[in-house]
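If you want the building blocks of each chain, they are given just below.
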Amino acid sequence: MNNSEDQIQKLMSLKRYETPSDGYFEDFLEEFQQRQRQELLKKSSLSLLSERVGTWFRELGSIKWVAGAGAAYAALTIGFVLYSSTTAPEVNQNITPASFERAPSEPLPFVDFQDGQNFRSQPDSMREF
Amino acid sequence: MSHEEFTDPDHELVRRAQNGETRAFDELVIKFSPKLYGMVYHMTSNKEDTHDLLQDIFAKAYRSLKRFRGKSTFYTWIYSIATNMTLNFLKKRKRRATWSLDNVESGIQNDDAMVDLAHSANPRHQSNVNELQQKLNEAMQELSEDHRAVVTMFDIQGVPHAEISRILGVTEGTVRSRLFYAHKQLQGYLEEYIR
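Residues numbered from 1 in each chain as written. Chains lettered and ligands numbered in written order. Predicted model: local features only at pLDDT ≥ 70, side-chain atom pairs only at ≥ 80, totals over all residues.

**Description of the overall build of chain A**
Then comes step 1: Within chain A, the secondary structure is distributed over three helices and one strand.
Then comes step 2: For chain A, the sequential pattern of α-helices and β-strands runs α-β-α-α.
Then comes step 3: Residues counted as buried form 6% of the 129 residues belonging to chain A. (Helix = DSSP H or I, 4+ residues; strand = E, 2+ residues; numbered from the N terminus. Buried ≥ 20, exposed ≤ 12 C-beta atoms within 10 Å, placed from the backbone.)

**Regarding the overall build of chain B**
Then comes step 1: In terms of helices and strands, chain B carries ten helices and one strand.
Then comes step 2: In terms of its C-alpha atoms, chain B occupies a principal-axis envelope of roughly 60 × 35 × 35 Å.
Then comes step 3: Residues counted as buried form 32% of the 195 residues belonging to chain B.
Then comes step 4: A sequence separation of at least 24 residues applies to 70% of the contacts in chain B between residues at least 6 apart. (Contact = placed C-beta atoms within 7 Å.)

**Focus on the environment of B:Lys47**
Then comes step 1: Summarising the element assignment, B:Lys47 is placed in helix H4 (residues 47–64).
Then comes step 2: Since 19 C-beta atoms lie within 10 Å of it, B:Lys47 is described here as partly exposed.
Then comes step 3: As a C-alpha pair, B:Lys47 and B:Leu101 span 54 residues in sequence and 6.1 Å in three-dimensional space.
Then comes step 4: What B:Lys47 contacts, discounting residues up to four positions off in sequence, is A:Pro20, B:Tyr41, B:Ser100, B:Leu101 and B:Asp102.

**Section: the environment of B:Lys135**
Then comes step 1: Relative to the assigned elements, B:Lys135 resides in helix H7 (residues 129–142).
Then comes step 2: With 54 residues separating them in the primary sequence, B:Lys135 and B:Tyr189 have C-alpha atoms 8.4 Å apart.

**Details of helix H3 (residues 63–86) of chain A**
Then comes step 1: Here H3(A) spans 35 Å end to end across 24 residues, near enough to the 34 Å set by a 1.5 Å rise per residue.
Then comes step 2: Counting buried positions along H3(A) gives zero out of 24 residues, so the element sits mostly on the surface. (Expected span 1.5 Å × (residues − 1).)

**A short note on the interface of chain A and chain B**
Then comes step 1: Between chain A and chain B, the contact holds 23 residues from the first and 34 residues from the second.
Then comes step 2: Listing elements by their share of the side of chain A that touches chain B, those giving two or more residues are helix H1 (3–13), strand S1 (18–19) and helix H2 (24–58) of chain A.
Then comes step 3: Considering each element in turn, the side of chain A that touches chain B owes the most residues, nine residues, to H1(A).
Then comes step 4: Broken down by class, the residue content of the side of chain A that touches chain B amounts to ten nonpolar, six polar and seven charged.
Then comes step 5: Pairing of S1(A) with strand S1 (residues 103–104) of chain B, which is carried by two bridges, proceeds in the antiparallel orientation. Bridged to A:Glu18 within S1(B) is B:Val104. (Nonpolar A, V, L, I, M, F, W, Y, C, P; charged D, E, K, R; others polar. Pairing = 2+ DSSP bridges.)

**Digging into the confidence of the model for chain B**
Then comes step 1: Put simply, chain B has an average pLDDT of 90, and 90% of its residues get 70 or more.
Then comes step 2: Looking at the elements of chain B, mean pLDDT is at its lowest for helix H1 (residues 3–7) of chain B, recorded as 56, and at its highest for helix H8 (residues 145–156) of chain B, recorded as 97. (pLDDT = per-residue confidence, 0-100.)

**A few points about the nonpolar core**
Then comes step 1: Counting residues in each nonpolar core, the largest one holds 48 residues, and the members touching the most others are A:Met12, B:Leu36, B:Val40, B:Val150, B:Val151 and B:Ile164.
Then comes step 2: For this core, the leading source of residues is helix H3 (residues 22–44) of chain B, giving ten residues.
Then comes step 3: In terms of domain composition, this core takes at least three residues from each of domain 1 (3–92) and domain 2 (107–193) of chain B.
Then comes step 4: Excluding its chain neighbours within four sequence positions, the residues that come into contact with B:Val151 are A:Met12, B:Met140, B:Leu143, B:Ile156 and B:Ala182. (Core = buried A, V, L, I, M, F, W, Y, C linked by C-beta atoms within 7 Å. Domains from an automatic or database assignment.)

**With respect to the confidence of the model for chain A**
Low pLDDT marks stretches whose predicted atomic positions should not be read closely.
Then comes step 1: This prediction gives chain A a mean pLDDT of 77; 67% of its residues lie at or above 70.
Then comes step 2: Contacts of residues 121–129 of chain A to residues separated by more than four positions or lying in other chains number two contacts, the stretch itself having pLDDT below 50.

**So, unusual backbone geometry**
Residue and element names in this part refer to chain B.
Then comes step 1: Even without being a glycine, Ser45 presents a positive backbone phi close to 55°.
Then comes step 2: If you trace the backbone, Ser45 turns up in the loop between H3 and H4.
Then comes step 3: A count of 22 C-beta atoms within 10 Å places Ser45 in the buried class.

**As for the packing of H3(B) against H8(B)**
Residues and elements named next belong to chain B.
Then comes step 1: Where H3 contacts H8, the two axes come as close as 9 Å, and the packing angle between them is 135°. Compared by their axis directions, H3 and H8 come out oblique. Remark: the crossing between H3 and H8 carries right-handed chirality. In contact with Gly38, Met39, His42 and Met43 of H3, H8 contributes Arg148, Ala149, Thr152, Met153 and Ile156.
Then comes step 2: For the contact of H3 with H8, the per-class residue count stands at five nonpolar, three polar and one charged. (Axes fitted to C-alpha atoms, helices over the stretch in contact; angles between N-to-C directions. Parallel < 35°, antiparallel > 145°, perpendicular 65-115°, else oblique. Left-handed = near helix turned anticlockwise from the far one by under 90°.)

Written as structure tokens, this is what we have:
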């Protein structure tokens with residue numbers, strides 16, 4: 001190892017004198033223990049909730065199969081609706097809507113009212129509502 | 001009993017911690033937090049980030065403890081976790097490091113390197129400790145994370161090449177070449193401090 005590299009190593013090794021304040025590591029452990037307790041409580045709450053739900057479900061009796069099927073059907077329906085809404089086909093903006101205006105050259109459609117189907121010619125009393 | 005169980009001084013503590021003894025894990029925290037703090041701090045140059053990361057590191061080690069099979073020492077195992085989490089943190093941290101440096105112990109004045117600097121003919125070399133601390137941290141932050149990691153472990157913490165290669169999961173040759181390159185870069189930044 002050459003002299004420069006040796007000096008570099010010695011200089012960098014001076015960084016080990018940069019240390020946290022006195023008592024830091026004791027406080028660090030306390031904070032870690034507190035965090036562990038909080039995580040344990042959280043896990044306990046979740047497992048308690050899971051247990052409660054499980055107990056309720058078991059106590060439903062035979063109806064639990066109907067409830068389970070209903071929940072599955074609801075989940076599938078919601079899933080399908082969400083899937084459909086996210087994969088809706090794109091609308092082609094270049095299509096012009098159909099026009100309901102009659103082309104001038106086309107004759108009007110002929111309606112034959114001879115068999116009495118023109119209700120306007122009959123008196124009001126004979127109209128059926 | 002495997003070879004590692006003979007050579008791992010923490011084997012018994014780890015076994016008790018794996019069996020659920022939280023006090024045993026507390027002892028492991030007390031034992032390794034200074035070393036791991038140093039590694040994270042020298043990589044980040046930020047004591048607040050170091051504190052948060054170190055809490056996460058030990059939390060992850062605790063959750064993963066049952067998966068530790070003793071194929072390496074516990075020290076190597078937890079040091080690997082710490083290094084990987086720190087490197088991931090640095091990669092995600094897009095902004096340039098906001099420095100928040102620890103104080104420097106007074107014992108630095110008696111270190112050979114400081115004594116050499118104080119006796120240097122060049123008055124510029126007789127720098128005060130704070131200025132030197134700034135300069136060393138600047139130089140470290142100019143290195144890539146991978147190069148900074150080997151400098152931290154070898155030059156600052158005195159970890160042997162073989163251990164660094166196990167921690168980083170690279171060959172010893174890679175460790176040596178990264179160190180060589182890092183030292184070349186550091187020579188450029190710290191030229192004024194080298195005779």
